[in-house]
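# Coordinates in review
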Amino acid sequence: MSEPLEIRCRENGPYVVKGPVRIVDHLGNAFTIPPGKDTVALCRCGQSKKRPICDGTHRDCGFQANEIAAPSP
Ligand code: FES
C-alpha cells in the first residue's frame, strides 16, 4: 500500500502538497502544474494572484496561521 498524500500546513503560509497531484477548478478543469514538479503550494491566505497556487503574497499581507496538530491518543 502506498503512502497517503501529505499536505503540510506551513506556518503563516500555504498548504504544501507533496506527491503527484492534479488540481482542478470547480468545473473539473485541471490547473497547469510545471512538469516534473512533485510539490505544490496552495494559497490559504486568499491573496495570491495565481490562486489556487501560492505566489508568496502571504509574506506581505500579514497572514497568520500556526495550527498545531493534536498528538495522537
Ligand atoms: S498562502 Fe501564499 S499567497 Fe496565499
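Above this text is the structure in question.
We now turn to the structure provided with this report. (Residues numbered from 1 in each chain as written. Predicted model: local features only at pLDDT ≥ 70, side-chain atom pairs only at ≥ 80, totals over all residues. Heavy atoms only, no water.)

All right, on to the overall build of the chain then. A tally of regular secondary structure across the chain gives zero helices and three strands. Reading the helices (α) and strands (β) of the chain from amino to carboxyl end gives β-β-β. Counting only C-alpha atoms, the chain reaches 40 × 35 × 25 Å along its principal axes. Counting only residues that meet the buried cut, the chain has 26% of its 73 residues in that class. Per element, the accessible surface of the chain, about 6,000 Å² overall, is 51% carbon and sulfur. For the chain, the centre of its 10 positive side-chain charges and the centre of its 8 negative side-chain charges are spaced 5 Å apart. (Helix = DSSP H or I, 4+ residues; strand = E, 2+ residues; numbered from the N terminus. Buried < 20%, exposed > 50% of the residue type's maximum accessible area, 1.4 Å probe, protein only. Areas by Shrake-Rupley, 256 points an atom, 1.4 Å probe, with all protein chains shown as cover. Lys, Arg positive; Asp, Glu negative; His and termini not counted. Charge placed at Lys NZ, Arg CZ, Asp CG, Glu CD.)

Taken together, the side chains of Leu5, Ile7 and Tyr15 make up a nonpolar region of the molecular surface, amounting to roughly 280 Å² of accessible area. Position of Ile7 among the secondary structure elements: in strand 1 (residues 6-9). (Patch = residues over 30% accessible without salt bridge, like charges linked within 9 Å, V, L, I, M, F, W, Y side chains within 5 Å. Salt bridge = Lys/Arg side-chain N within 4 Å of Asp/Glu carboxyl O.)

Turning to the sheet that holds strand 1, a few remarks are in order. Sheet strands pair via backbone hydrogen bonds, and the direction of the pair is either parallel or antiparallel. Here three strands make up an open sheet; going across it, the order is 1-2-3 and the pairing antiparallel. Looking at the sheet topology across the chains shown, the edges are occupied by strand 1 and strand 3 (39-42). When strand polarity is set aside, the average angle formed by the axes of neighbouring strands in this sheet is 20°. (Pairing = 2+ DSSP bridges. Axes fitted to C-alpha atoms, helices over the stretch in contact; angles between N-to-C directions.)

With four bridges joining them, strand 1 and strand 2 (residues 15-18) adopt antiparallel strand pairing. Bridging from a neighbouring strand, Cys9 pairs with Tyr15 of strand 2. Hairpin connection, strand 1 to strand 2: the antiparallel pair is bridged by five residues, and Asn12 has positive phi, about 55°.

Here we come to the side chain of Arg44. Assignment of secondary structure puts Arg44 in the segment after strand 3. By relative accessible area, Arg44 is classed as buried at 16%. A distance of 2.8 Å separates the side chain of Arg44 from the backbone oxygen of Arg10, its partner in a polar contact. Setting aside residues no more than four positions away along its own chain, Arg44 makes contact with Cys9, Arg10, Asn12, Gly13, Pro14, Tyr15, Phe63, Ala65 and Glu67. (Polar contact = N/O pair within 3.5 Å; in protein donor to acceptor, adjacent residues only side chain to side chain. Contact = heavy atoms within 4.5 Å.)

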